[in-house]
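# A closer look at the structure
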Amino acid sequence: MKGLFSMDITYLDNAATSWPKPECVYRAVDRFNREIGANPGRGSHRKTIEAGMLVLETRELLAGLFNVKDSSRIVFMPNVTYALNLALKGILNPGDHVVISSMEHNAVARPLHTLEQTGVEVSVVQCAPDGSLDPRGVELAVRDNTRMICMLHASNLTGTIMPVEEVGRIAKERGALFLVDAAQTAGVLPIDVEAQHIDLLAFTGHKGLLGPQGTGGLYIRPGLEVCSLIEGGTGSLSEELSQPDFLPDRFESGTPNTPGLAGLGAGVRYLLEVGIEKVRRHEQELTELLLCGLKEIKGVTLYGPCDSRRQTAVVSLNVAGLDCGELCFMLDRNYGIISRSGLHCSPLAHRTIGTIKKGTCRLSPGFFNTPEDIEKTVRAVAEIARESKW
Amino acid sequence: MLSVGGRINYDCYILFPNHHEGLRLYRELKAAGVRCTIAPPPRAATSFCGISLLVSEDLIEPARQVIERCGVKVEGIARIPRKASASGCK
């Protein structure tokens, strides 16, 4: 693929957003904008019905993917950050205690920091330097007033896969709610809200689910009370000034991102046709290839489990003598390899793995990358490492 | 008001809390072969400005069975005298 500087582009920033998307995603967005274009859930003309059907289908596809029995319990939002904010701020009250891991993203850490000012108590369970979490640490952190355990499914920094099912069991046994941040795993790893005891699942549509940016959502277990943060027109109970108490309307005020949701539906359908296991296997092979190649390069430090079975397709590294930003810049300018440097909005995780001062360069292959992309990347890092003054 | 042989005919509007439930039932009724039409809900019956499903009176019982089977949430069924040929359920 040719980029801005007429160079073959190798896109390895799928942990930020997946690209390219399957052709059917582009077509679904285009078709909606050209041929439908109406506001779903408002009125009853044929176009609003078509738009509403697209939204319903996407909701049901996601329900199937996450083993959610009632698809109305999945509410759409602009992204996973909104979903996490709703789950945290819509549930936690002063005096409540919440347990998180030391690998959490700012999408969790910042809302909780704000909530701490109001009297919500937060315990952070320390993870190992490779980002892994011992569930016993979570068990020890739970108190009588623990309202929630909140944890990411896999780290956006190291790819480390968390023991979701074990922690879900602990939450269930101790009577705490279990909120999972699936930003890095929805569409990549199997998610089953029943088997994993998940009460709230926050997901984004534009990464592993292969949909467009501006899509995401939250699954809310039936019976769970969540306060709405945004109120307004829903197309239902229009005479009432009170926000509807039923889902998805309660949390879906205003016109949704229907073109995005049409694309998200196409992305999920594509994934289901290909099979998540196949996606995972391919990404695991690429990760293994990348890890094996990078391990051989003198001056390269790798972070995380360094084991493709224990991580998603996310590899963080540094090259001795180089700032992570320089490495990222050189990969981009000299080789057309797209990566991301810095703190990745995850200062807690960087403290955990010991890179808070220097950051890392993150390489994150996706389903559409090839072994040749990885070989090219390994060669590029080897050349850069050889030439750096370390 | 449309009357046939002196008898007033009625149409039944199935009412919903929201579009989500309405569209779900529309799909289920179609699959079950129960004729229905998506229509604006009668203002007299609800403040929901979305959709209702218009079903002719003789098909309301099969429709009820579908509702029960698939667990769609409905607000109620409004029975309204037929004013014109609104029964054109497709």
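The structure displayed is predicted, hence computed values, not measured ones.

Right, let's get into the domain arrangement of chain A. All names here are of chain A. Along its sequence, chain A is carved into domain 1 (23-274) and domain 2 (275-387). Spacing between the C-alpha centres of domain 1 and domain 2 amounts to 28 Å. Elements represented by at least two residues in the side of domain 1 that touches domain 2 include exactly α4 (106-117) and α7 (258-274). Classifying every residue of the side of domain 1 that touches domain 2 by side-chain character gives 12 nonpolar, 13 polar and 2 charged.

This part is about the interface of chain B and chain A. Each partner contributes residues to the interface: chain B has 14 residues there, and chain A has 18 residues. Elements supplying a minimum of two residues to the side of chain B that touches chain A: α1 (19-32) and β4 (37-39) of chain B.

Residue and element names in this part refer to chain A. The geometry of helix α2 (residues 46-66) relative to α7 is characterised by a closest axis approach of 9 Å and an angle of 40 degrees between their N-to-C directions. Here α2 is positioned oblique relative to α7, judged by the angle of their axes. Crossing geometry of α2 relative to α7 is assigned as left-handed. In this structure, α2 contributes A51, L54, V55, E57, T58, L61, L62 and L65 to the contact, and α7 contributes T258, L261, A262, L264, G265, V268 and R269. The residue inventory of the contact of α2 with α7, partitioned by class, reads 10 nonpolar, 3 polar and 2 charged.

Rules behind the numbers
Note on numbering: residues in each chain are counted from 1, in written sequence order. Chain labels run from A onward and ligand labels from 1 onward, assigned in the order the entries are written. Only residues with pLDDT of at least 70 are given local features in this predicted model, and only at 80 or more are side-chain atom pairs given and counted; all residues enter the totals for whole chains, interfaces and linings. An automatic or database domain assignment is the source of the domain bounds shown. Elements are defined by DSSP. Helices are runs of H or I of four residues or more, strands are runs of E of two residues or more, and each kind is numbered from the N terminus. Note that Gly is not counted as nonpolar here; it falls among the polar residues with everything else outside the nonpolar set of Ala, Val, Leu, Ile, Met, Phe, Trp, Tyr, Cys and Pro and the charged set of Asp, Glu, Lys and Arg. Contacts here follow a simple rule: the backbone-placed C-beta atoms of the two residues must lie within 7 Å. Orientation is described by axes fitted as lines to C-alpha atoms, over the contacting stretch for helices, and by angles from 0 to 180 degrees between their N-to-C directions. Any angle from 65 to 115 degrees is called roughly perpendicular, while one under 35 is roughly parallel, one over 145 is roughly antiparallel, and all others are oblique. Each crossing is labelled by how the near helix is turned from the far one, with a counterclockwise turn of less than a right angle marking it left-handed and a clockwise turn marking it right-handed.

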